[in-house]
Amino acid sequence: MNYARFLTAVSAARKPSAIRMLTELQQRSPPSLISLAGGAPNPNTFPFQSASIQVKNGQTVTFDEAAMKRALQYSASNGIPELLTWMKNLQKSLHNPPTAGYSPENGQMDMCVTTGSQEGLCKVFEMLVNPGDNVLLDAPTYSGTLAALQPLGCNLINVPSDQHGMIPAALKQVLSQWDPSEIHKPGSSAPKILYTIPNGGNPTGASMTAQRKKEVYELARQYDMLIIEDDPYYFLQFDKPWAPTFLSMDVDGRIIRTDSFSKILSSGLRLGFVTGPKPLVDRVVLHIQASTMHTSTFTQLMVSQLLHSWGQDGFLQHIDGVIEFYRKQRDAMISSADKWLKDVAEWHSPSAGMFLWMKLKGVADTQQLIMEKALEKEVLLVPGGVFMINSSDPCPYVRAAFSLSTPEQIDEAFRRLSSLIKEAL
């Protein structure tokens, strides 16, 4: 793959930071090395000495003085080595990416740690999206993605989707206005990237089938596009076996995948990962060098210690517990929706994630209904318009989250919503 054709001028102009490289070189050197090179502060001047963090299963994550000094110091821009190694092994055992054995220039699978997957996404967009570019996505989609893409001045082209995600025939239709034999010609406006949330989509809860992924991947090959597989709800799939990922079918090195620990370990620790072809992951790391420098060393070490003590089996056991919680929450929400909303709304039960996407019958636009009337009834949902490419278009949908409220609260909320809709009609 010719990765250079995908890079924006800004990304292509990024150069490695000499000081960051020296810092990383020093951290790999024997203790006998005397370095006067780095600009790192002396950790003996920091007020924090040690830490001990209790884990719910009775384990303890401890930082003695030496570990604490490391946790409070600068670290490598791509992530601390032991966390990266653990995560690469996890990706290989979960997805078995064909690119794992490729040479670096041919798109060998690589990874970097980001401050939440949102940072990874923003940096991936900045690397790939020029003003005026055509970018494909399946709206309604995550409002944070729209907020990151829209200021870049690209044209967002919507690919129709249903409860099983992006529809391959619709994608084929959208792409039919370009000739695959001409996409590499200078001045071609053919889209170079396609963005999708394949599991438990935010806001729709839609999950893509394996067959659809295969068809979408084939179209990406035909039109030489990169696919951004934004998968923060991968570990919140309610039914096993989990659907194979785009990464697992990536024979070309055209998938950039973002993963997140926000839904399964902590949203406040801000830990995410970008997985993709090394030439592109390297560009993301160059951007990290010039912006955040690296994700918090402390949170990386804390999570790394936990993961190493758990092992992959322990980690997946923890995931099973998380899934069980959200499955029960989903079931409670569906049962309350059946009870209160059957005659005023329609929906599909999500097979992953933490959201229910509902179309209100007889309501042309939910914006005013939710932002004004719903507050009076003391019930709050997200009006669907914020997830649309043009948020000012009328939208009959709302998004309800089942992550935080108790089944009793969900039931009462839907009772209030039901009377609100009936009054509006």
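Going by the structure above, here's the rest.
All residue numbers refer to position in the chain's written sequence, counted from 1. Per-residue local features are limited, in this predicted model, to residues with pLDDT of at least 70; the limit for side-chain atom pairs, both in listing and counting, is 80 or more; totals at the level of whole chains, interfaces and linings are taken over all residues. Side-chain numbers here rest on the full set of heavy atoms in the structure, without hydrogens or water.

Caption draft 1: Just the environment of K185, in detail. Numbering goes from the N terminus for both helices and strands, where a helix is a DSSP run of H or I of at least four residues and a strand is a run of E of at least two. Assignment of secondary structure puts K185 in the loop between helix 7 (168-175) and strand 8 (193-196). Burial here depends on accessible area, computed with a 1.4 Å probe over protein chains only, as a share of the maximum for the residue type. Under 20% is buried, over 50% is exposed, and the range in between is partly exposed. Taking relative accessible area as the criterion, K185 reaches 47% and is therefore assigned partly exposed. Between the C-alpha atoms of K185 and V281, which are 96 residues apart in sequence, the distance is 26 Å.

Caption draft 2: Broad picture of the nonpolar core. Grouped together as the largest cluster of nonpolar side chains are 92 residues, with contacts concentrated most on L83, L128, F261, F315, L341, M358 and F414. Looking at this core, the element that brings in the most residues is helix 10 (residues 297-340), giving 14 residues. A contact between two residues is defined here by any heavy atoms of the two lying within 4.5 Å. Discounting residues that sit within four places of it in the chain, M358 has contacts with L341, E346, W347, L381, P396, Y397, V398, A400, F414 and L417. Formed by 22 residues, the second largest nonpolar core is a distinct cluster that contains I157, V159, M166 and Y217. The nonpolar core is taken to be a set of buried Ala, Val, Leu, Ile, Met, Phe, Trp, Tyr and Cys residues, with the residues joined through side-chain atoms within 4.5 Å.

Caption draft 3: Just the sheet that holds strand 15 (residues 397-401), in detail. Reading across the sheet, the four strands line up as 12-13-15-14 and stay open at both edges, with antiparallel pairing between neighbours. The strands lining the two open edges of the sheet, one partner per strand, are strand 12 (345-347) and strand 14 (382-383). Pairing between two strands is assigned when DSSP locates at least 2 bridges connecting them. The pairing of strand 13 (residues 355-360) with strand 15 spans five bridges and is antiparallel. When the sheet's bridge partners are listed, F355 is paired in strand 15 with A401.

Caption draft 4: Focus on the side chain of T245. Following the sequence through the fold, T245 ends up in the loop between strand 9 (226-230) and strand 10 (255-260). Separated by 3.0 Å, the side chains of T245 and H95 make a polar contact. Here a polar contact means two N or O atoms within 3.5 Å. Within protein one must be a hydrogen donor candidate and the other an acceptor candidate, and residues neighboring in sequence count only if both atoms are side-chain atoms.

Caption draft 5: Layout of the sheet that holds strand 11 (residues 272-277). Spatially, 3-11-10-9-8-4-5 is the arrangement adopted by the seven strands of the open sheet, whose pairing is mixed. Strands with a single pairing partner mark the edges of an open sheet, and in this sheet they are strand 3 (109-114) and strand 5 (155-158). Across the sheet, the axes of successive neighbouring strands diverge by a mean angle of 20 degrees, strand direction being ignored. Relative to strand 8, strand 4 (residues 134-137) runs parallel, the two being bridged by three bridges. The partner of L137 across the bridge, within strand 8, is Y195. Sheet strands in contact with helix 5 (residues 116-128) are strand 3, strand 8, strand 9, strand 10 and strand 11, and its direction is about 160 degrees off that of strand 10. This element, helix 7, spans strand 4, strand 5 and strand 8 of the sheet and lies at about 170 degrees to strand 4. Note on definitions: angles span 0 to 180 degrees between N-to-C directions of axes, and those axes are lines fitted to C-alpha atoms, for helices only across the stretch in contact.

Caption draft 6: Layout of the packing of helix 5 against helix 9 (residues 278-290). Where helix 5 contacts helix 9, the two axes come as close as 10 Å, and the packing angle between them is 110 degrees. Classified by the angle their axes make, helix 5 and helix 9 are roughly perpendicular. Contacts between helix 5 and helix 9 involve E119, K123, V124, E126 and M127 from the first element and L280, R283, V284, H287 and I288 from the second. Roughly parallel refers to an angle under 35 degrees, roughly antiparallel to one over 145, roughly perpendicular to one between 65 and 115, and oblique to any angle outside these ranges.

Caption draft 7: Fine view of the packing of helix 4 (residues 81-95) against helix 10. Two elements in contact, helix 4 and helix 10, have axes whose closest approach is 9 Å; the angle formed by their N-to-C orientations is 25 degrees. With respect to helix 10, the element helix 4 is oriented roughly parallel. The interaxial crossing formed by helix 4 with helix 10 has left-handed handedness. The residues of helix 10 that touch helix 4, namely those facing E82, L83, W86, N89, L90, S93 and L94, are Q300, L301, V303, S304, L307, H308, G311, Q312, F315 and L316. Note on residue categories: nonpolar means Ala, Val, Leu, Ile, Met, Phe, Trp, Tyr, Cys or Pro, charged means Asp, Glu, Lys or Arg, and polar means any other residue, Gly included. The residue makeup of the contact of helix 4 with helix 10, split by class, is nine nonpolar, seven polar and one charged. In this scheme the crossing of two helices becomes right-handed for a clockwise turn of the near helix relative to the far one and left-handed for an anticlockwise turn of less than a right angle.

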